[in-house]
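Structure assessment
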Amino acid sequence: MNTYLYKQFYRNRAYITALVFLWLAGIMAIYTGKKFLERNHDIIAKSEAFQKESIRRNVQYHKDDLGLILYYVKLNLVNKTPQLAALNIGMRDLNPSIQGVTIRNLEEQRYNADFYNPSNAAAGNFDFSFVLVFLFPLIIVAFCYNLISEEEEKGTWKLLHVQSSRPGRLIDAKMRVRFMAVTAVYVVLLVIAKTWIGIPADLPFAVFMISGWLYIIFWFMLCRWIIAFRKSSAQNALILLILWVTMNFIVPMAGNMVIQKMYPVRESLKAVMQQREGYHNKWDEPKLPTMKKFYQAYPQFSKFTVEENDAFTWTWYYAMQHMGDMEASSSSRQYAEKMQKRNNAAVFLGYLFPNIHTQLTESRVAGTGMDNHLEFASALKKFHEKKRLFFYPLIFSGKNAEAVNWNDQAVESFEDFRNISLLQVFLPYLVLIILLFSLSQIKYRKLC
Amino acid sequence: MNRSIVRLIIRKTRHDLLKSRQNRLITVTVLLCCMLSTGLGLMQYRDTASQINGYRKQVREQWEHRPAKHPHRMAHYGYLVFRAAHPLSIFDNGLDDYLGNVIFLEAHKQNTANLSEAGSSGTLVRFGTFSSAFILQCIVPLIIVFLGFGLIAKEREDATLKILNVQGATGRQIIWGKTIGLWQFSLFFLLPVFPAVFFAAVISGAAEWTDIAGRLLVIIPAYMIYYFFISTLTVLVSAFSKSSSSALVSLIGCWLILVVFLPKGIQFAAQNIYPAPSRIAFETNLEQDILKAGDSHNPDDPHFKKLKDSLLQYYHVKKTEELPFNYSGFVMKEGEKISSGIYIRHQNELQEIYNRQQRFSDASALIDPLMAIRNFSMTAAGTDFFSYTRFQRQAEEYRYQMAQELNDLQIEHISNIKPEKGGPPAIVGADSWKKFPDFTYRFTALGLSIREQWLPLAALLFWLAVGILAIEWSGRNLKLI
């Protein structure tokens, strides 16, 4: 019986075309990811040379003035991109994977996004997660929408009834054939991606694979339930397509709009304004209060004193710069909190909608989501502080360029160790799958 | 052609579509969604606009209330300029989420616009923006397909097509009638949206009502053409399919290709054919070129050494301190001229890459009518990339003027001799800052936008012609049984 069903499925040219289409879309997506990853690696690899060159030039021009060298030199921090990011580019095309900062105030520099063409960004990436979330369900719907209704419309349903005591079994067997075919395409694509891009076989990759597969199962279960209502083929197709459009367009778009309204981010602009005032005002104010605040923040530098009627000194200059960050710090923290809240709201929405959940889970394990962005931002802050604290005493004590071993000032990188809660990832799928299975099971019992 | 028969079929088709309760429900739902997104959009727009206006005022006040200072300090204090979105972004958000709202302007350094909405949102923003334009561009075509897939196929299945023919209707008349009937019904989704958008945009108070009306008057016919093409496609696929169910499957396939697949594929191709440099590469190349041309911060730079020598010779003095004006201000002015020239050249090169990507996307409108309407709608709503580049250019002009005026102040009013310790500081009076005008962003005029990006409009007319020709051709080949 089963072999007959397999033959019936694979002899249908439309089904094969659909599978090939899906496979091609997947290959295209993997290629997009590979291109993205190559470009990203290229930028990071070049940055090493850029930084060296910039240090060399500035050291040459301002040999005797370490303060001036560090006014210009940008030190880079890399946000390590896992190979898995090729399958889910997420927000990595907007948020740069490498950021260079001088030891002047950070707030002025941290919002610099990478260059991108907004039209491309708005269209979004054609990555593997896109194919999985948007295109796989369509093929599943196309395979399943008429499994029962077609028999009824052809008039063979009664015949089936007579021959088999439980026609539900036959429908399940047909669905199994389709499920195996879609799973096969999915697995083949992942194997190709793994070998082509060289993704390590680790826990994040396993989570990525399983979450995608559960998403596929979810759609099969949804179809199983919808077709069990025994509406006409056209109606089934309409209902499933409406569900697809609602889940993939209406809900995330409306959700995003509500989230933006609920958590408006004004703090970013505020932080920019505050750091600007915080720093520039200090030029026109007495020097000692600035220094007092600076010594409070960093008592270890209180031995580098500044007199009120001193002319310009780097100690005072960098203290002023730091005031910019200090005065913007609360807005800056609030901004990060707002982004976190926006992300949390999206995660919550994901518990109800597997497509959003899949997108978020996969961007999380690939290090391309909002959480990674926020972690990188705080790592950048730490990096900036580390560099400042290293250079401050050298500058303040009037050392020249030779006091620094410039070879140590190489590009550094940050890796985000993602602890993945397996329960949080898989439970939402399992709940929905079991729910849909039970609902359709009730309907299936009534089939005969 | 007997017009009365066509008119009869049109009326019959339209009435049949209107009669169904389900169709009326769908129409109302779509309209409600459009109204809802317009309302939410208006709220969002007013919030952002008032926020940006507040910051603009604050920036201006703080600028005017700077104390007496050295002009170069002021040049580094800089200015923040903000981009206000066009009120029609309520209708078509376009690229707004991906464009930065603020640029920090300072001397001898060009910053980019930062802080886009997408930059502070998560992955959810990538699913798109819920705007009337999205509903009208992507969802309504799907509905048209659903309403129209059986228009001819079903009649053939029921053998009523033959009866129509016997009664004197030719294939051509049937197809024209069905298409126009479906198209007229599709206008119920479209036309009621615009009064609401018009009022919302006028209420926002950010643009003249004549400007808004003018833009809407080009947007409406554009969507009408787009729907005409979609209606034609639906009826023709219905006419040439074996059964209504296969017509539906083919039409859903067409929708997927036109709405989901091609737009992404086209952007992907544009990005790969014309790759753009990364920020870090761009900045490094820029720095290198500026150093080659002359670095005003480098004391041994040959260009500035030559300049110094010629000045000393002209004024018959030995040292720059003896010059009758502030020498370092003069150097800075020259440096600004050189560096912004180079910057603009680099910026133009980058811009050219983006322009090529844009032209590729515009040209793709000849393959995908969705690209035509999407790009045209954005252009007309003032939320497209071209309008944004105009903002960037205005900001850069303003920055250059600011830097050079401050350099002039330094040249004229700052002493050439460094102030002694404890002596009077080298500063200019605070009233100088007030004289410098505020930045006002001017929206890009519609005429200019369309003249610069005429391809999407041409593509729409092309699709109109394709629709008409396809109907004419297929009318003669319609199989009745």
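Placed above this text is the structure.
Some thoughts on the interface of chain A and chain B
- At the interface, 92 residues of chain A touch 86 residues of chain B.
- Of the roughly 8100 Å² buried between chain A and chain B, counting both surfaces, carbon and sulfur atoms make up 65%.
- The interface formed by chain A and chain B holds three salt bridges in total.
- Put simply, Glu277(A) and Arg66(B) hold a salt bridge, and the shortest N to O gap is 3.0 Å.
- At the boundary of chain A and chain B, one finds 17 residue pairs in polar contact (both at pLDDT 80 or more).
- In terms of residue count, the dominant contributor to the side of chain A that touches chain B is helix 11 (residues 233-262) of chain A (18 residues).

Side note on the pairing of strand 1 (residues 75-79) of chain A
Residue and element names in this part refer to chain A.
- In terms of burial, strand 1 is a largely internal element, five of the five residues being buried.
- Residues Leu75, Leu77 and Asn79 point to one face of strand 1 and Asn76 and Val78 to the other, with burial holding for every one of them.
- With four bridges joining them, strand 1 and strand 2 (residues 98-101) adopt antiparallel strand pairing. Paired with leucine 75 across the strands is valine 101, a residue of strand 2.
- The pairing of strand 1 with strand 3 (residues 412-414) spans three bridges and is parallel. Across the sheet, the residue bridging to asparagine 79 is phenylalanine 414, located in strand 3.

Describing the packing of helix 8 (residues 193-204) of chain B against helix 9 (residues 209-239) of chain B
Residues and elements named next belong to chain B.
- The geometry of helix 8 relative to helix 9 is characterised by a closest axis approach of 10 Å and an angle of 155° between their N-to-C directions. One element, helix 8, and the other, helix 9, form an angle in the roughly antiparallel class. Judged by the twist between their axes, the crossing of helix 8 over helix 9 is right-handed. Two secondary-structure elements touch here, helix 8 through Phe194, Val197, Phe198, Ala201 and Val202 and helix 9 through Trp209, Ile212, Ala213, Leu216, Ile219, Ile220 and Tyr223.

Re the sheet that holds strand 2 of chain A
Residues and elements named next belong to chain A.
- As summarised here, the arrangement of the three strands in space is 2-1-3, forming an open sheet in which the pairing is mixed. The two strands at the open ends of the sheet, each matched to only one other strand, are strand 2 and strand 3. Strand after strand, the sheet turns through a mean of 25° between neighbouring axes, direction not considered.
- The sheet strands contacting helix 2 (residues 13-61) are strand 1 and strand 2, and the helix crosses strand 1 at an angle near 165°.
- Docked against the sheet, helix 16 (residues 370-396) engages strand 1, strand 2 and strand 3, running at close to 150° with respect to strand 1.

With respect to the packing of aromatic side chains
- The final tally for this structure, using the stated rule, is 74 aromatic pairs over all chains.
- Ring geometry for Phe301(A) versus Tyr392(A): centroids 5.7 Å apart, planes at 80°, classification edge-to-face. One end of the pair, Phe301(A), is in the loop between helix 13 (287-297) and helix 14 (314-352); the other, Tyr392(A), is in helix 16, and 91 residues separate them in sequence. Comparing Phe301(A) with Tyr392(A), the two get one shared label, buried.
- Measuring from centroid to centroid gives 6.1 Å for Trp63(B) and Phe436(B), while their planes differ by 50°, and the two rings are tilted. Here the residue Trp63(B) occupies a position in helix 2 (residues 21-64), and Phe436(B) occupies one in the loop between helix 16 (431-435) and helix 17 (446-452), the gap between them amounting to 373 residues. Each member of the pair Trp63(B) and Phe436(B) is classed as buried.
- Note that Arg276(A) overlies the ring of Tyr77(B), its terminal NZ or CZ placed 4.0 Å from the centroid.
- Directly above the aromatic system of Phe130(A) lies the positively charged group of Lys264(B), at a separation of 4.2 Å from the ring centroid.

A short note on helix 17 (residues 422-445) of chain A
- For helix 17 of chain A, built from 24 residues, the straight-helix expectation of 34 Å at 1.5 Å per residue is met to within 8% by its first-to-last C-alpha distance of 34 Å.
- Buried residues along helix 17 of chain A sit in contact with helix 9 (167-198), helix 10 (203-227), helix 14 and helix 15 (354-365) of chain A.

Structural notes on the pattern of salt bridges
Residue and element names in this part refer to chain A.
- For the coordinates displayed, the defined rule picks out 27 salt bridges over all chains.
- Here arginine 56 and glutamate 53 are joined by a salt bridge, their closest N and O atoms 3.2 Å apart. Residue arginine 56 and its partner glutamate 53 are located together in helix 2, separated by three residues, close to a single helical turn.
- Take glutamate 53: its relative accessible area is 24%, and that puts it in the partly exposed class.
- One continuous salt-bridge network, built from bridges that share partners, spans Glu53, Arg56 and Arg57.

Some points on the sheet that holds strand 1 (residues 79-82) of chain B
- On the basis of which strands lie adjacent, the open sheet formed by three strands has the order 1-2-3 (chain B) and antiparallel pairing. Two strands close off the open sheet at either side, each with one partner strand: strand 1 and strand 3 (109-110) of chain B.
- Here strand 1 of chain B runs beside strand 2 (residues 102-106) of chain B; their pairing, made up of four bridges, is antiparallel. Counterpart to Leu80(B) in the pairing with strand 2 of chain B is Phe104(B).
- Packed on one face of the sheet, helix 12 (residues 267-280) of chain A meets strand 1 and strand 2 of chain B and runs near 165° to strand 1 of chain B.

Brief notes about the environment of Ser204(B)
Residue and element names in this part refer to chain B.
- Its place among the elements puts serine 204 in helix 8.
- Distance from serine 204 to aspartate 16, taken between C-alpha atoms, is 40 Å for residues 188 residues apart in sequence.
- Among all residues touching serine 204, those that are not within four sequence positions of it are Leu42, Tyr45 and Pro87.

Side note on unusual backbone geometry
- Even without glycine at this site, Arg230(A) takes up a positive phi of about 55°.
- The residue Arg230(A) is located in the loop between helix 10 and helix 11 in this model.
- Even without glycine at this site, Ala159(B) takes up a positive phi of about 65°.
- In this fold, Ala159(B) is placed in the loop between helix 5 (153-157) and helix 6 (160-166).

Comments concerning the nonpolar core
- With 184 residues, the main nonpolar core has Leu87(A), Phe136(A), Trp244(A), Leu136(B) and Phe194(B) as its most contacted residues.
- With 17 residues, helix 9 of chain B is the single largest residue contributor to this core.
- Once residues within four sequence positions are removed from consideration, Phe194(B) is found in contact with Phe91(B), Leu136(B), Leu216(B), Ile219(B), Ile220(B) and Tyr223(B).
- Formed by 67 residues, the second largest nonpolar core is a distinct cluster that contains Ala113(B), Tyr343(B), Phe385(B) and Tyr441(B).

A look at the pairing of strand 2 of chain B
Residues and elements named next belong to chain B.
- The buried count for strand 2 comes to five of five residues, which makes it a mostly enclosed element.
- Burial of the side chains of strand 2 extends over both faces: Val102, Phe104 and Glu106 are buried on one face and Ile103 and Leu105 on the other.
- Sheet analysis places strand 2 next to strand 3, joined by two bridges and oriented antiparallel. Bridge pairing in strand 3 places leucine 105 opposite glutamine 110.
- The turn linking strand 2 back onto strand 3 is made up of two residues, and histidine 108 within it adopts a positive phi angle of 30°.

Rules of the game
Residues numbered from 1 in each chain as written. Chains lettered and ligands numbered in written order. Predicted model: local features only at pLDDT ≥ 70, side-chain atom pairs only at ≥ 80, totals over all residues. Heavy atoms only, no water. Contact = heavy atoms within 4.5 Å. Buried area = accessible area lost by both parts, 1.4 Å probe. Salt bridge = Lys/Arg side-chain N within 4 Å of Asp/Glu carboxyl O. Polar contact = N/O pair within 3.5 Å; in protein donor to acceptor, adjacent residues only side chain to side chain. Helix = DSSP H or I, 4+ residues; strand = E, 2+ residues; numbered from the N terminus. Buried < 20%, exposed > 50% of the residue type's maximum accessible area, 1.4 Å probe, protein only. Pairing = 2+ DSSP bridges. Axes fitted to C-alpha atoms, helices over the stretch in contact; angles between N-to-C directions. Parallel < 35°, antiparallel > 145°, perpendicular 65-115°, else oblique. Left-handed = near helix turned anticlockwise from the far one by under 90°. Phe/Tyr/Trp six-rings, centres within 6.5 Å; stacked < 30°, edge-to-face > 60°. Lys NZ or Arg CZ within 6 Å of the ring centre and 35° of its normal. Expected span 1.5 Å × (residues − 1). Core = buried A, V, L, I, M, F, W, Y, C linked by side-chain atoms within 4.5 Å.

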